[in-house]
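Survey of secondary and tertiary structure
The lines below spell out each chain.
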Amino acid sequence: MNFKSIIFSVFLIFAFARTVSGQIKTPPTHTKITPEHAAQVDSIFIDTDKPNHPGAALGIFKDGKIIYAKGYGYANLEYDIPISSTSVFRIASTSKQFTAACIVLLAQQEKLSLDTTLDTFFPAFPSYAKTITVRHLLNHTSGIRDYLTLASLSGLGDEDFYTDQDVMKWLTNQEELNFNPGDEHLYSNSGYWLLGQIVQKVTKTSMADYAMNEIFKPLGMNNTHFHNDYTSIVKNRASGYYPTQEGGFQISMTTLNMIGDGGIFTTIEDLKKWDDAYYDSKILTRDFWKTMTTTTILNDGTPNEYASGLSVSVYNGHKIIQHGGAFVGFRAQKFQFPDDHFTVVVLANRGDANPNDLASRVTDLFLDPIEIPANNEGTDTAVSNNAFAKAKSIQLPISDLKKLEGSYWNADSKTSRNLTLVNDTLVYDRGRGRVTKMEPVSKNAFRWIGPDIPIILTLDNPNTPSSFTLEIPGQGVFNYQKYEPITQLTSEQIERYEGDYYSKELDVTYTFKKEDNGLTLYINGEPLAPMEPIMKDRFNVAGYIVFDFTKDQQEFRASAGRVQNLHFIKK
């Protein structure tokens with residue numbers, strides 16, 4: 001059973017603000033970069049540009065010109081076809097901006113309103129649809145559970161086939177939302193899939209056709225389309241791959257036809273035309289782009305950096321409009337710096353690629369950081385942490401660091417984190433081998449060692465900590481409370497949780513069996529993984545799904561990132 005889609009659906013995209021010393025930094029104004037620049041760019045992709053390896057395509061745009069475009073590695077390993085700027089890639093969630101564009105165009109054409117509620121289009125939804133607007137869907141503030149995560153929780157993996165009808169059934173069966181619309185921002189592929197269905201409802205045609213006629217053809221994006229038929233032939237298509245444990249690669253594609261949350265196939269050269277449209281109002285107006293890039297405010301007044309299929313924030317002092325994507329064997333990232341008229345695009349056909357990091361490193365070759373004025377501190381998370389980014393690290397006695405160790409729980413995201421001491425360094429442990437070293441900047445504040453964005457962990461009390469906050473620019477502030485973990489259950493305790501539990505919302509049965517002095521989870525009769533106790537009546541499985549049982553063990557709620565509090569009842 002493949003739960004890879006659960007793991008990859010957890011997606012926090014950071015714009016890493018890495019400072020590269022000793023590099024040429026003058027943004028070019030001509031149509032080509034210098035050989036020195038080219039060599040520096042190519043060195044970033046040295047691990048990608050290998051024989052018999054999939055790789056990536058890179059595009060660098062400046063002042064309306066492609067100043068550098070190159071392919072690294074192979075688009076197809078079976079025929080040894082190299083990647084080029086005309087190779088066609090699936091760009092996964094980077095597609096969302098094109099779905100949003102269709103919606104915004106329809107609003108401009110007065111064929112829908114961004115304030116129309118979901119029940120207007122889909123009366124089969126529960127009553128909460130009356131409180132969800134099109135704008136909520138655009139901004140990921142609807143609270144609707146993510147359908148890719150629901151598919152995974154029902155036992156389906158990347159290689160399994162299901163239809164739009166299946167997705168609609170899953171969504172209309174959900175009796176609850178993750179949260180009240182507008183209260184929070186939580187990335188949801190369901191929202192953008194629904195936007196695609198709304199386009200179809202309003203236009204009486206598929207969104208693939210509407211986008212082709214209203215966006216791609218007018219802009220001359222001749223190698224771009226919404227791929228809503230997996231059997232159709234695509235010229236110059238790059239195949240998707242994923243590394244194997246043996247050191248080779250296997251094909252990683254999909255048979256799914258869903259579009260909206262993803263589904264765009266495109267090239268570096270076509271994305272240059274889309275980039276040009278931002279500056280040229282002949283086809284897409286300034287009002288269109290203003291709507292596309294206007295961020296929102298949550299119900300409590302908290303700023304939300306997500307706009308319409310685009311994230312708008314600050315990178316090293318530069319305004320950035322960006323979005324990444326990850327699905328099966330494809331990864332993508334597009335950084336646009338509108339005030340600099342500068343853009344970096346990376347499209348990859350290997351599931352272990354990190355285009356965000358690659359795009360960041362390329363960007364740092366061309367754009368110098370802009371100093372943030374001190375009197376602006378506090379205007380957003382990135383700025384408020386600016387002092388921590390520059391602060392010198394200090395030395396703390398091991399005895400002081402030892403006091404900070406322990407397990408901490410976030411009730412909102414239902415995630416457990418550990419602080420541990422490794423030699424003389426405090427380590428932030430997210431599980432599944434994901435650890436980050438931290439350096440102290442005060443007795444109770446620590447800065448992540450790794451990405452140069454100022455991620456800060458602050459403990460409430462350096463002597464007897466009971467909680468900490470994790471502040472991540474562009475993501476928010478996360479609060480964790482200390483708790484005493486349960487590491488082992490007695491045989492009698494284990495037996496209380498055994499049995500079959502059914503979810504009406506997913507039409508799936510979870511079975512818990514006593515095996516090897518613990519519990520093992522089965523989904524529809526297929527084994528998944530052992531259950532790990534966290535605390536009383538709370539378990540974790542596969543390093544991701546959290547189960548909260550009632551005191552009598554007759555019910556539980558399952559949460560997995562973009563799906564919260566799914567209800568199960570014991571049979």
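Counting restarts for each chain, with residues numbered from 1 along the sequence as it is written. In keeping with the predicted nature of the model, local features appear solely for residues at pLDDT of at least 70, side-chain atom pairs appear and are counted solely at 80 or more, and the whole-chain, interface and lining totals rest on all residues. As a rule here, side-chain values cover all heavy atoms of the structure and leave hydrogens and water aside.

Comments concerning the overall build of the chain
We count it as follows: The way it works is that DSSP assigns letters per residue, a run of H or I at least four long becomes a helix, a run of E at least two long becomes a strand, and they are numbered from the N terminus. Classification of residues uses two cut-offs on accessible area relative to the type maximum, computed with a 1.4 Å probe and protein chains only: under 20% is buried, over 50% is exposed, and between them is partly exposed. By definition, residues are in contact when any of their heavy atoms lie within 4.5 Å. The accessible surface values rely on the Shrake-Rupley method and a 1.4 Å probe; as for residues, cover is taken only from the protein chains in view.
Along its length, the chain carries 16 helices and 31 strands. The 571 residues of the chain split such that 54% are buried. Excluding contacts between residues fewer than 6 apart, the proportion of contacts in the chain whose partners are at least 24 apart in sequence is 61%. On the chain, roughly 24,300 Å² of surface is accessible, and the fraction owed to carbon and sulfur atoms is 48%.

A few points about the packing of aromatic side chains
Basically, it comes down to this: Here is the rule: rings of Phe, Tyr and Trp (six-membered ring for Trp) pair when centre to centre is within 6.5 Å. Planes less than 30 degrees apart are stacked, more than 60 are edge-to-face, and the remainder are tilted. Two thresholds decide whether a charge sits over a ring: the Lys NZ or Arg CZ must be within 6 Å of the ring centre and within 35 degrees of the ring normal.
In total, this model carries 40 aromatic pairs according to the counting rule given. Between the aromatic rings of Phe-539 and Phe-549, the centroid separation amounts to 5.8 Å while the plane-to-plane angle is 80 degrees, which identifies the pairing as edge-to-face. With Phe-539 in strand β28 (residues 538-541) and Phe-549 in strand β29 (residues 545-549), the pair connects residues that are 10 residues apart, well separated along the chain. You'll find Phe-539 and Phe-549 in the same group, each marked buried. A network of ring pairs unites the aromatic residues Tyr-497, Tyr-501, Tyr-510, Phe-512, Phe-539, Phe-547, Phe-549, Phe-556 and Phe-568 as a single cluster. Between the NZ or CZ atom of Arg-286 and the centre of the ring of Tyr-278, over which it lies, the distance is 5.0 Å. Residue placement shows Lys-513 over the ring face of Tyr-522; its charged tip is 4.4 Å from the ring centre.

Quick look at the sheet that holds strand β1 (residues 56-62)
Condition: Between any two strands, at least two bridges found by DSSP are needed for them to pair. Note on geometry: axes are C-alpha line fits, over the in-contact stretch for helices, and angles between N-to-C directions span 0 to 180 degrees.
Strand order in the open sheet formed by 6 strands is β2-β1-β15-β14-β13-β12, with antiparallel pairing between adjacent strands. The open sheet has two edge strands with one neighbour each: β2 (65-72) and β12 (311-315). Taking the axes of each pair of neighbouring strands and ignoring which way they run, one obtains an average angle of 15 degrees across the sheet. Both strand β13 (residues 318-327) and strand β14 (residues 330-337) contribute to a ladder of 7 bridges, which runs antiparallel. Directly across from Ile-321, in β14, lies its bridge partner Gln-336.

Things to note about the pairing of strand β24 (residues 499-503)
As judged from the 5 bridges shared by β24 and strand β25 (residues 508-515), these two strands associate in the antiparallel manner. Paired with Asp-500 across the bridge in β25 is Thr-511. Counting the residues between successive antiparallel strands, the hairpin from β24 to β25 contains 4 residues, one of them, Asp-507, with a positive phi of roughly 55 degrees. Here 2 bridges tie β24 to strand β31 (residues 563-570), and the two strands are oriented antiparallel to one another. Pairing of Tyr-501 across the sheet is with Lys-570, part of β31.

As for a negative patch on the surface
Rule in force here: For patches, a residue must show more than 30% relative accessible area and have no salt bridge; joins then use 9 Å for like charges and 5 Å for nonpolar side chains, namely Val, Leu, Ile, Met, Phe, Trp and Tyr. Take a side-chain nitrogen of Lys or Arg and a carboxyl oxygen of Asp or Glu: if they are within 4 Å of each other, that pair is a salt bridge. The charge count treats Lys and Arg as positive and Asp and Glu as negative. His and the chain ends do not count. Just so you know, the charge point we use is NZ for Lys, CZ for Arg, CG for Asp and CD for Glu.
Judged by side-chain charge, Asp-183, Glu-184, Asp-300 and Asp-412 come together as a negatively charged surface patch. For Asp-412, a relative accessible area of 66% gives the class exposed.

Concerning the packing of helix α7 (residues 164-172) against helix α8 (residues 189-203)
Worth spelling out the cut-off: An angle counts as roughly parallel when it lies under 35 degrees, as roughly antiparallel when it exceeds 145, as roughly perpendicular when it falls between 65 and 115, and as oblique in every other case. Should the near helix be turned counterclockwise from the far one by less than a right angle, the crossing is left-handed, whereas a clockwise turn marks it as right-handed. When residues are grouped by polarity, Ala, Val, Leu, Ile, Met, Phe, Trp, Tyr, Cys and Pro land in nonpolar, Asp, Glu, Lys and Arg in charged, and all others, Gly among them, in polar.
In contact at an axis separation of 12 Å, α7 and α8 are set at 120 degrees when each is read in the N-to-C sense. Taken together, α7 and α8 sit at an angle that is classed as oblique. Here α7 runs over α8; the crossing is left-handed. Facing α7, whose interface residues are Asp-164, Val-167, Met-168 and Leu-171, α8 presents Ser-190, Trp-193, Leu-194 and Gln-197. For the contact of α7 with α8, a count of residues per class yields 5 nonpolar, 2 polar and 1 charged.

Quick word on helix α10 (residues 268-279)
Rules: A helix's residues, less one, multiplied by 1.5 Å, set its expected span.
Helix length check: α10 (12 residues) gives 18 Å between terminal C-alpha atoms against 16 Å at 1.5 Å per residue, within 8%. Every buried residue of α10 is listed here: Ile-268, Asp-270, Leu-271, Lys-272, Trp-274, Asp-275, Ala-277 and Tyr-278.

Topic: the nonpolar core
The nonpolar side chains of a soluble globular protein tend to be buried with one another. Definition in use: Take the buried residues of types Ala, Val, Leu, Ile, Met, Phe, Trp, Tyr and Cys, join any two whose side-chain atoms come within 4.5 Å, and each joined set is a nonpolar core.
Membership of the largest hydrophobic core comes to 105 residues, with the highest contact counts inside it found for Leu-194, Trp-274, Tyr-510, Phe-512 and Phe-547. Per-element tally for this core: the top contributor is helix α3 (residues 96-108), with 8 residues. Listed in part, the 26 residues of the second largest apolar core include Leu-58, Ile-60, Ala-359 and Val-362.

Distances and angles like these do not, on their own, reveal function.
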